[in-house]
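The lines below spell out each chain.
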Amino acid sequence: LALNLASKADIVNQSLRSVLLPEVSALGTVGNMRRYVRHGLVRSGLISLGLLLLIPLARPLITVLYGPEYSATVPLFQVLTLVVIFDVMVTPLLLLAFPLNRPRLLAAADALRVVTLGFFAIALIPVLGAWGAVAAKAAAKIAGALLILAVLWRSRRAEGTAVRNAPPFASEDAHSAGANTDSP
């Protein structure tokens, strides 16, 4: 039940991707990318606040809608909701791979997610049961996001924008010089 309900909450993230993809694909300048990141993180923050409301409301909602016999699924649902919130928050950043022409990076992140999910599921589900599945899902989401963010960060640094703590894509020339590289 918890996974089923969390999957429905994940529809929010899939919808967010569908809405953001045309916008992010059309970004051409560093200034547009900065605005996109700023607005995307604000939008994701607001969506996440809405999803956070599901956490304290989970017990009463599940008990009323499904009955008290399903109350044991509440903690699983709450943690899975946190995984969805993580995904919602990083989505605007991960989609930057599109305007930077990094399709192999996206494919590599998907492959890493699958391998991570499989590894942790095999290792943890026999020991932890449903909690092992939750941990495997969280590990897969985090691994894929970290790969994309690390490679984008590294390429930004390699493009000559090595000013510490500068916002992403700090210079127009650096962006256009490295935009067509496609190695992860």
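Residues numbered from 1 in each chain as written. Predicted model: local features only at pLDDT ≥ 70, side-chain atom pairs only at ≥ 80, totals over all residues. Heavy atoms only, no water.

A. Region of interest: unusual backbone geometry. Phi is positive for Asn101, close to 55°, though the residue is something other than glycine. Note on placement: Asn101 falls in the loop between α4 (74-94) and α5 (103-128). (Helix = DSSP H or I, 4+ residues; strand = E, 2+ residues; numbered from the N terminus.)

B. Structural detail: the nonpolar core. In terms of nonpolar packing, the biggest core is built from 24 residues, with Val24, Leu27, Tyr36, Leu96, Leu105, Ile148 and Leu152 touching the most fellow members. Among the elements that line this core, the one with the most residues is α4, at five residues. Ignoring anything within four residues of it in the chain, the contact list for Tyr36 reads Leu20, Glu23, Val24, Leu27, Thr91, Pro92, Leu95 and Leu96. (Core = buried A, V, L, I, M, F, W, Y, C linked by side-chain atoms within 4.5 Å. Buried < 20%, exposed > 50% of the residue type's maximum accessible area, 1.4 Å probe, protein only. Contact = heavy atoms within 4.5 Å.)

C. View of the pattern of salt bridges. A complete count under the given rule lists three salt bridges for this structure. Lys141 serves as the salt-bridge partner of Asp87, at 2.9 Å between the closest nitrogen and oxygen. In this pair, Asp87 is assigned in helix α4 and Lys141 in helix α6 (residues 130-158), connecting sequence segments 54 residues apart. Linking Arg113 and Asp110 is a salt bridge whose minimum nitrogen-to-oxygen distance equals 2.5 Å. Of this pair, Arg113 and Asp110 both sit in helix α5, three residues apart, which is roughly one turn of that helix. When its relative accessible area of 18% is taken as the criterion, Arg113 is described as buried. (Salt bridge = Lys/Arg side-chain N within 4 Å of Asp/Glu carboxyl O.)

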